[in-house]
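# Observations on the model geometry
One-letter residues, chain by chain:
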Amino acid sequence: MFTESYLLYLTPALLIVALILIGASVRILREYERAVVFTLGRFQRVKGPGLVLLIPFIQEMVKVDLRIQVIEIPTQDVISHDNVSMKVDAVLYFNVVNPERAIIQVQHYLPATNMLAQTTLRAVLGQHELDEMLSERKKLSTDVQSIIDSQTENWGIKVSNVEIRTVELTENMVRAIAKQAEAERDRRAKIIHAEAEFQAAQTLVNAAKILSSIPAAMQLRYLQTLAEIGAEQNSTVVFPMPIDIIKPFLELIEKPGKAAGTNGASIGPIAKDTPLNA
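Residues numbered from 1 in each chain as written. Predicted model: local features only at pLDDT ≥ 70, side-chain atom pairs only at ≥ 80, totals over all residues. Heavy atoms only, no water.

With that out of the way, let us pick up the environment of Ala90. Along the chain, the position of Ala90 falls in strand β7 (residues 85-96). The class of Ala90 is buried, set by a relative accessible area of 0%. For Ala90 and Glu163, which are 73 residues apart along the polypeptide, the C-alpha to C-alpha distance reads 5.5 Å. (Helix = DSSP H or I, 4+ residues; strand = E, 2+ residues; numbered from the N terminus. Buried < 20%, exposed > 50% of the residue type's maximum accessible area, 1.4 Å probe, protein only.)

Inspection of every chain in the model, using the stated rule, returns 9 salt bridges. Across the pair Arg30 and Glu33 runs a salt bridge, and its minimum N-O distance is 3.5 Å. A single salt-bridge network, built from bridges that share partners, covers Glu184, Arg187 and Arg188. (Salt bridge = Lys/Arg side-chain N within 4 Å of Asp/Glu carboxyl O.)

What follows is about unusual backbone geometry. The omega angle of the peptide bond from Gly48 to Pro49 is 0°, so this bond is cis rather than trans. Tracing the backbone through its elements, the reader meets Pro49 in the loop between β3 (42-47) and β4 (50-53). The phi dihedral of Leu40 is positive, around 55°, even though this residue is not glycine. For Leu40, the position within the fold is in the loop between β2 (33-39) and β3. For Leu40, a relative accessible area of 68% corresponds to the exposed category. The backbone of Phe57 shows a phi angle near 65°, a positive value even though the residue is not glycine.

A few words on the packing of aromatic side chains. Taken as a whole, this structure holds 1 aromatic pair when the rule is applied. Between Phe38 and Phe43 the ring centres are 6.2 Å apart and the planes differ by 70°, which places this aromatic pair in the edge-to-face class. Relative accessible area serves as the criterion here: at 30%, Phe43 is assigned to the partly exposed category. Positioned above the aromatic ring of Tyr32, the side-chain terminus of Arg67 is 3.9 Å from the ring centre. (Phe/Tyr/Trp six-rings, centres within 6.5 Å; stacked < 30°, edge-to-face > 60°. Lys NZ or Arg CZ within 6 Å of the ring centre and 35° of its normal.)

With that settled, the discussion passes to the sheet that holds β2. Taken in spatial order, the 3 strands line up as β3-β2-β5 in an open sheet, and their pairing is antiparallel. Each edge of the open sheet is held by one strand with a lone partner, namely β3 and β5 (59-65). Shown here is a sheet whose adjacent strand axes are inclined to one another by a mean of 25°, direction ignored. Alignment of β2 against β3, held across 5 bridges, turns out to be antiparallel. Following the sheet pairing, Phe38 is matched in β3 by Phe43. (Pairing = 2+ DSSP bridges. Axes fitted to C-alpha atoms, helices over the stretch in contact; angles between N-to-C directions.)

Mapped onto the secondary structure, Ser80 falls in the loop between β6 (69-79) and β7. Judged by its relative accessible area of 3%, Ser80 falls in the buried class. Apart from the residues within four sequence positions on either side, Ser80 is in contact with Met86, Leu125, Gly126, His128, Glu129, Leu130 and Met133. (Contact = heavy atoms within 4.5 Å.)

Read from one edge of the open sheet, 3 strands run β6-β7-β8, paired in antiparallel fashion. Every interior strand has two partners, whereas the edge strands, β6 and β8 (157-169), have only one. On average, adjacent strands in this sheet sit at an angle of 20° to one another, irrespective of strand direction. Sheet topology note: the β6/β7 ladder contains 9 bridges and is antiparallel. Looking across to β7, one finds that Glu72 is bridged to Val91. In this fold helix α3 (residues 109-125) packs onto β6, β7 and β8, with an angle of close to 35° to the strand it touches most, β6.

This part covers the environment of Leu125. Relative to the assigned elements, Leu125 resides in helix α3. C-alpha separation for the pair Leu125 and Ile79, spaced 46 residues apart in sequence, amounts to 7.9 Å. If we skip the residues at most four places from it in the chain, Leu125 touches Val78, Ser80, Val88, Met133, Leu140 and Ile164.

Our next topic: helix α5 (residues 137-152). Relative to the 22 Å expected for 16 residues at 1.5 Å per residue, α5 spans 22 Å between its end C-alpha atoms, a close match to the ideal helical length. Restricting attention to buried positions, one finds in α5 the residues Leu140, Ser141, Val144, Gln145, Ile148, Asp149 and Thr152. Along the axis of α5, the buried residues cluster in a sector spanning 165°; they form a single face. Next to the buried residues of α5 lie β7, α3, α4 (130-135) and β8. (Expected span 1.5 Å × (residues − 1). Arc of directions from axis to C-beta.)

Across the protein, the average pLDDT comes to 82, with 82% of residues at or above 70. Contacts from residues 264-278, a stretch scored under 50 in pLDDT, to residues over four places away or in other chains number 1 contact. (pLDDT = per-residue confidence, 0-100.)

Set out below in structure tokens:
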């Protein structure tokens, strides 16, 4: 009678202990999870995915996620190489490729990677000027990614990408950059205007050489100018008379005068009081 009552109370206790032992020794890991197993505190092996059996109270495991994780790097105060203060933030993508190192080599790999990314971001951006940060953001992101990846390799972590999201400037720097951009646009406009004037002058010189080489071309040009002026319905037309057109007539007038002065007698001065009819 005593034995039967003893077994009646012992059986539930044994079932409870068995359930506890099974719960402590059986683990089920997903496809993206791995278990770093320690036996009496010493590393044994990496197990998973699927069913993992552990020896209760002797073995323990640390679960590691192998999926790509995203860290938002907080806004960092950065001073560029040309002494421009700004605020920069970024996003870091990484995943664990060696669970053993990620657990043994570093205490907490997630905050360690975050702090390393912050310091590396400030160090890399501080070596470049503001124009490079704004125009070569992709190249700077690649540099930051390669530096972080080389340092986290011993931790069993692979940094796949780093993206610099925003580069914020103070209001004073924004106004200064706007003034600089405006001055640069004015400089380019003046240079373009000067180059246009030079090209126009050079073209006029070439046209003048061509017109001077052919006298008839100048006359045709004047006739074309008259036609253009006449098309505007002007009542008065004023245009310069070229000396080349009048020159033949002047030569005809000068020739008879020279001939008369050579063949005829010289005419003396006329007396002041002498009448012309005398």
